[in-house]
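Listed here are the chains, written in short residue letters.
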Amino acid sequence: MDLDGTVMDSDPYHYEAFQKIGEKYGAEIDEEIFRTRISGHTNDEICAELFPHIDTSRHADIADEKEALFRELLERGAEPIAGLPELLSWARKKSWGLALVTNAPIANQQAILAGVGLSDAFDLLISADELPRGKPDPLPYQTAMQRLGVDARHAVAFEDAIPGLTAAVRAGVPTIGLRSSLEEKSLLEAGAALAIRDYHDPRLRPFLLSHIEG
């Protein structure tokens, strides 16, 4: 399961943080740029895209500054996407392995999970910080499945952005798209097997049962 847009709708916080950082470092960021050139990408990719006029040696510091600002904004309050705590509890009772797979920094993982009350909900946390390649490369999902000891045929991924969907599909994992930031059509065209608004969708649990236990 991805983090941003699937555990919580964090886009408004990220968008505000990127706008502030963009203003400071000379990059104009609007909703279209955020959706197409930022959402779902690694910080290395984002900084190369947004700040080519700034020496690459400074990109990591800019990214760290943005993420620190994001975590400050998160202190306003955070809620999980509707139905997620209940879904994770149900999956836990079935003894399914649960992995969080994200391009987000480890500090963001911890802040978001703590903010929504799910710090202990996952067996495994995979961050692009730990790997040589992040999404859209399939490596993060391949790593998660290897560590959990599960085959792609008996796994399901949850994603809300094109890079994440691409990574999961390339790893051979049936993927459910969350309509946090993209419409159903875009999610399905990117390879999602199902597109849902939240985790109360009545189609979700039958889908999981058929793919994980089928």
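Only a predicted model underlies this, so the values are computations on that prediction, with no experimental measurement involved.

Definitions and limits used
Position labels on residues start from 1 in each chain and follow its written sequence. Where totals are concerned, whole chains, interfaces and linings use all residues; where local detail is concerned, this predicted model gives features only for residues with pLDDT of at least 70, and gives and counts side-chain atom pairs only at 80 or more. Water and hydrogen atoms were dropped before computing side-chain values, which therefore reflect all heavy atoms in the structure. One requirement defines pairing of two strands: DSSP has to find at least two bridges between them. Counting from the N terminus, the helices are the DSSP runs of H or I reaching at least four residues and the strands are the DSSP runs of E reaching at least two. Here an angle of 0 to 180 degrees is reported between the N-to-C directions of two axes, which are lines fitted to C-alpha atoms, with helices fitted over the stretch in contact. In this analysis the probe radius is 1.4 Å and the grid spacing 1 Å, with only protein atoms considered; a cavity is a set of points the probe fits into but cannot get out of, a pocket is an open set with protein on both sides within 12 Å along at least five of seven lines, and lining residues have an atom within 4 Å of a point. Grid points are joined across faces, edges and corners, and a volume is the space filled by probe spheres set on the points. Each residue gets one label: Ala, Val, Leu, Ile, Met, Phe, Trp, Tyr, Cys and Pro are nonpolar, Asp, Glu, Lys and Arg are charged, and the others, such as Gly, are polar.

Engineer: Is there a simple way to think about the sheet that holds strand β3 (residues 157-159) in this case?
Structural biologist: Through backbone hydrogen bonds, the strands of a sheet pair up, either in parallel or in antiparallel fashion. The sheet built from three strands is open, its strands ordered β3-β4-β5 with parallel pairing. In this open sheet, the two edge strands, each paired with only one partner strand, are β3 and β5 (194-196). Averaged over neighbouring strand pairs, the angle between their axes works out to 25° when direction is ignored. Across three bridges, the pairing between strand β4 (residues 175-178) and β5 is parallel. If you follow Ile176 over to β5, its bridge partner there is Leu194.

Engineer: Can you help me understand the layout of surface pockets in this one?
Structural biologist: With a probe scaled to a water molecule rolled over the atoms, the places where space remains empty come into view. By volume, the largest pocket amounts to about 430 Å³. Lining the largest pocket we find 24 residues, and of these Gly97, Leu98, Ala99, Val156 and Ile212 sit closest to its centre. Elements with a contribution of two residues or more to the lining of the largest pocket: α5 (84-93), β1 (99-102), α7 (139-148), β3 and α10 (204-213). Across the lining of the largest pocket, the residue classes break down as 22 nonpolar, two polar and no charged.

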